[in-house]
Amino acid sequence: MTVLLHILITAVAVWATTALPGIELGDASTDAGTKIVTLLVVAVVVGVINAVLKPIAKTFGCLLYLVTLGLFGLVVNALLFWLAGYVAGALNMPFHVDGFWAAFWGALVVTIVSSVLHGVVRRISINAAENREREYREYRDYRDRGYY
């Protein structure tokens, strides 16, 4: 369930990047179903690339991360997002990232939007858990008093 939730959140974040110039999700004739499938595939591609290549890039770019106080991470994220656009194109998905700067701003938007959405989902799940715990305590108190 959590994997599907992460994919959906990443798909929404990728969709938000299509408002930026240089990032395209099909054209005007592309139907909504194709766009949704494309967003889900791109979300999976972004997840796989981040899971496989990001640790490698961090390892090899460790010195650059230290020298730039972590700002090199923005460049790495941009390159990985650009690669995700390339892979989506290779899979015949109508998603295109046009150049480094579009990838840079797109990666930044994906990071911000997915962080906000993950925070909202986390807060909702914490509230749900607290409500379940409170209901259980009320039930237990009711049962222990002999009313049940």
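Here goes a summary of the coordinates provided. Here the structure is a predicted model, which means the values were calculated and not measured.

1. Details of the environment of Leu-53
- Mapped onto the elements of the fold, Leu-53 is located in helix H2 (residues 32-60).
- The class of Leu-53 is partly exposed, set by a relative accessible area of 33%.
- Between the C-alpha atom of Leu-53 and that of Leu-80, which follows or precedes it by 27 residues, the distance is 7.9 Å.
- Discounting chain neighbours no more than four positions away, the residues touching Leu-53 are Val-48, Leu-80 and Leu-83.

2. What to know about unusual backbone geometry
- In this structure, Leu-69 takes a positive phi of about 55° despite not being glycine.
- Residue placement: Leu-69 occurs in the loop between helix H3 (62-67) and helix H4 (72-90).
- Given a relative accessible area of 78%, Leu-69 falls into the exposed group.
- Even without being a glycine, Asn-92 presents a positive backbone phi close to 60°.
- Here Asn-92 is to be found in the loop between H4 and strand E2 (95-97).
- Of the residues examined, Asn-92 reaches a relative accessible area of 69% and is grouped as exposed.

3. Details of the environment of Gly-47
- Secondary-structure assignment places Gly-47 in helix H2.
- Each C-alpha atom of the pair Gly-47 and Gly-22 lies 21 Å from the other, and the pair is 25 residues apart in sequence.

4. With respect to the side chain of Asn-77
- Mapped onto the elements, Asn-77 comes out in helix H4.
- When its relative accessible area of 19% is taken as the criterion, Asn-77 is described as buried.
- When near neighbours in sequence (up to four residues on either side) are disregarded, Asn-77 contacts Lys-54, Ala-107 and Thr-111.

5. Notes on the packing of aromatic side chains
- Evaluation of the coordinates by the stated rule reveals eight aromatic pairs.
- Their ring planes at 90° and their centres at 5.6 Å tell us that Tyr-65 and Phe-72 sit as a pair that is edge-to-face.
- We classify Tyr-65 as buried; its relative accessible area is 17%.
- Centroid distance Phe-81 to Phe-95: 6.1 Å. Interplanar angle 85°. Geometry classified as edge-to-face. Placement of the pair is Phe-81 in helix H4 and Phe-95 in strand E2, with a sequence separation of 14 residues.
- Given the relative accessible area of 2%, Phe-95 is considered buried.

6. Brief notes about a nonpolar patch on the surface
- Taken together, the side chains of Val-44, Val-48, Val-52, Leu-53, Ile-56 and Phe-60 make up a nonpolar region of the molecular surface, amounting to roughly 550 Å² of accessible area.
- Topologically, Phe-60 is positioned in helix H2.
- Among the residues examined, Phe-60 registers a relative accessible area of 75% and is labelled exposed.

7. Examining the pattern of salt bridges
- Across all of its chains, the model carries two salt bridges by this definition.
- For Arg-134, the salt bridge goes to Glu-138, with nearest N and O atoms at 3.5 Å. Here Arg-134 pairs with Glu-138, and both are found in helix H5 (residues 100-144), just four residues apart, close to one helical turn.
- Residue Arg-134 is classed as partly exposed on the basis of its relative accessible area of 35%.
- Residue classification places Glu-138 among the partly exposed positions, given a relative accessible area of 46%.

Rules of the game
Residues numbered from 1 in each chain as written. Predicted model: local features only at pLDDT ≥ 70, side-chain atom pairs only at ≥ 80, totals over all residues. Heavy atoms only, no water. Helix = DSSP H or I, 4+ residues; strand = E, 2+ residues; numbered from the N terminus. Buried < 20%, exposed > 50% of the residue type's maximum accessible area, 1.4 Å probe, protein only. Contact = heavy atoms within 4.5 Å. Phe/Tyr/Trp six-rings, centres within 6.5 Å; stacked < 30°, edge-to-face > 60°. Patch = residues over 30% accessible without salt bridge, like charges linked within 9 Å, V, L, I, M, F, W, Y side chains within 5 Å. Areas by Shrake-Rupley, 256 points an atom, 1.4 Å probe, with all protein chains shown as cover. Salt bridge = Lys/Arg side-chain N within 4 Å of Asp/Glu carboxyl O.

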